[in-house]
Every structure is written in C-alpha cells, then in structure tokens.
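Analysis of the macromolecular model
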Amino acid sequence: MQPRSCLALAGALLAFSLVAGHDAAADTTPIDAAARAISGNWLTEPKDGIIQLVISADGDLTGRIVGGNAPTRTDTHNPDASRRSQLLRGQVILRDMHYDGDGQWSGGTIYDPDSGKTYRCRIIVTSDDTIKVRGFIGISLFGRSQTWTRYTSTSLDLPATK
C-alpha cells in the first residue's frame, strides 16, 4: 500500500470514529435534558395528589404517588380485588414512558385511581414548571388532559378538598 493511501485510510478511520463518537454522545444528551426538565415531584391538576417522576437507567419515565390530600386512601376501584385494600400512596401509576424528543414522552400507560382504569399516556413538557399529561384510549383524540405543576414544597400531605 502506498504511503498516501495509508494516510488517507487512517484519516478516514479517524474521521469516522470522531463522527461515531459524537453521535453516541448526542444520543444521550436528549434524555439528560429531559431528566432535568421532568424529574421531580408534580402536583396533579385537581391539586389532590403529588406524583414523583423518575427516569430509570434505561431511559424510561415512571411516576409514583408520593403524597396527596388523603394519605390513608386505598385503591378501592382497582379491577384486581386483591389490591383494593392497598394504600394509593407509594403505588406506581405511570409506566414505560419513552422520550420522543422535543420535551415529549409517549408509549406508556397511566393508571387512574378514581376509576381503576389504565390508559395510554402522552406527556408534553410545556415549561420548566408545567407538563401536560394526557390519558387516552386508542388514539389521543379520545381522552382527557391535565396540567401538572412542579411541586416544590417539602410536605407531602396536602389539605383535604371539599
């Protein structure tokens, strides 16, 4: 092989490795940015629950009830009769959400403890302090949305609503 050919090949391999390394780093950046934007505690729109959103090591978003206005409330509407006596606080209600980019999450489900039903879910980060959570059946057109606000207080007990 000619010296020029070796240099050209080495240069091409170096350029490829730099581009490949850059792409790999870029693939992790959106999840990191999403984690900063969405991880934490969120107050549900009726202001009766606090949901903690966490991104797992594999990048999935999960939500757990960590507080609310009824700390001893049980899951009375659960379709599984054996779970109806369990406390709602501590239960995972949001599962398997995947980051789509541009502050949007989809592909998972959300459990509604008021009805005992589980719906497909989509979340859009609308600002650092608000997210739009939409639960739906089939297509997103058939569902309802709530705006959750970032919860920064230290108390996980909310005042009872009337």
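The notes below deal with the structure included here. (Residues numbered from 1 in each chain as written. Predicted model: local features only at pLDDT ≥ 70, side-chain atom pairs only at ≥ 80, totals over all residues. Heavy atoms only, no water.)

**Side note on the overall build of the protein**
Scanning the protein from N- to C-terminus turns up one helix and eight strands. Along the chain direction, N to C, the helices and strands of the protein fall in the order α-β-β-β-β-β-β-β-β. Taking all 162 residues of the protein together, the buried fraction comes to 32%. A sequence separation of at least 24 residues applies to 41% of the contacts in the protein between residues at least 6 apart. When the accessible surface of the protein is split by element, carbon and sulfur atoms take 57% of a total near 9900 Å². (Helix = DSSP H or I, 4+ residues; strand = E, 2+ residues; numbered from the N terminus. Buried < 20%, exposed > 50% of the residue type's maximum accessible area, 1.4 Å probe, protein only. Contact = heavy atoms within 4.5 Å. Areas by Shrake-Rupley, 256 points an atom, 1.4 Å probe, with all protein chains shown as cover.)

**Quick notes on the sheet that holds strand β4 (residues 92–101)**
Overall, antiparallel pairing links the eight strands, which are arranged β1-β2-β3-β4-β5-β6-β7-β8 in a closed barrel. Between one strand axis and the next, the sheet turns through 35° on average, direction left out of account. Here seven bridges tie strand β7 (residues 130–136) to strand β8 (residues 143–150), and the two strands are oriented antiparallel to one another. Paired with Lys 132 across the two strands is Thr 147, which belongs to β8. (Pairing = 2+ DSSP bridges. Axes fitted to C-alpha atoms, helices over the stretch in contact; angles between N-to-C directions.)

**Brief notes about the pattern of salt bridges**
Counted by the stated rule, this structure contains four salt bridges. Taking the shortest distance from any N to any O, the salt bridge between Arg 73 and Asp 114 comes out at 2.8 Å. Here the residue Arg 73 occupies a position in the loop between β3 (61–68) and β4, and Asp 114 occupies one in the loop between β5 (104–112) and β6 (117–127), the gap between them amounting to 41 residues. Judged by relative accessible area, Arg 73 falls into the partly exposed class, the value being 30%. The closest approach of N and O atoms between Asp 112 and Arg 144, which form a salt bridge, is 3.1 Å. (Salt bridge = Lys/Arg side-chain N within 4 Å of Asp/Glu carboxyl O.)

**A look at the environment of Val 54**
With respect to the helices and strands, the residue Val 54 is situated in strand β2 (residues 49–55). The spacing of Val 54 and Arg 64 is ten residues in sequence and 8.5 Å in space, taken between C-alpha atoms. Beyond its immediate sequence surroundings of up to four residues, Val 54 is in contact with Asp 60, Leu 61 and Thr 62.

**Section: the layout of surface pockets**
Here the largest pocket defines a volume of roughly 630 Å³. As for the largest pocket, its lining consists of 32 residues, of which Thr 44, Asp 112, Pro 113, Asp 114 and Gln 146 are closest to the centre. Going through the elements one at a time, β2, β3, β5, β7 and β8 are the ones with two or more residues in the lining of the largest pocket. Counting residues per element, the lining of the largest pocket draws most heavily on β8, at five residues. In this structure, the second largest pocket spans a volume of roughly 150 Å³. Elements that contribute at least two residues to the lining of the second largest pocket include exactly β4 and β5. The residue inventory of the lining of the second largest pocket, partitioned by class, reads five nonpolar, four polar and three charged. (1 Å grid on protein atoms, 1.4 Å probe; cavity = no way out; pocket = protein on both sides within 12 Å on 5 of 7 lines; lining within 4 Å. Points joined across faces, edges and corners; volume = space filled by probe spheres on them. Nonpolar A, V, L, I, M, F, W, Y, C, P; charged D, E, K, R; others polar.)

**Considerations on the nonpolar core**
Formed by 22 residues in total, the largest nonpolar core has its most connected members in Ile 38, Leu 53, Leu 61, Leu 94, Ile 123 and Ile 131. At the level of elements, α1 (3–38), β2, β3, β4, β5, β6 and β7 are the ones that each hand at least two residues to this core. Element by element, the count of residues in this core is highest for β6, at four residues. Among residues more than four places away in sequence, those in contact with Ile 131 are Ile 38, Trp 42, Leu 53, Ile 123, Ile 124, Val 125, Thr 126, Gln 146, Thr 147 and Trp 148. Within the second largest apolar cluster, five residues are counted, among which are Leu 43, Ile 50, Val 66 and Tyr 151. (Core = buried A, V, L, I, M, F, W, Y, C linked by side-chain atoms within 4.5 Å.)

Everything listed here is a matter of geometry and, on its own, says nothing about what the molecule does.
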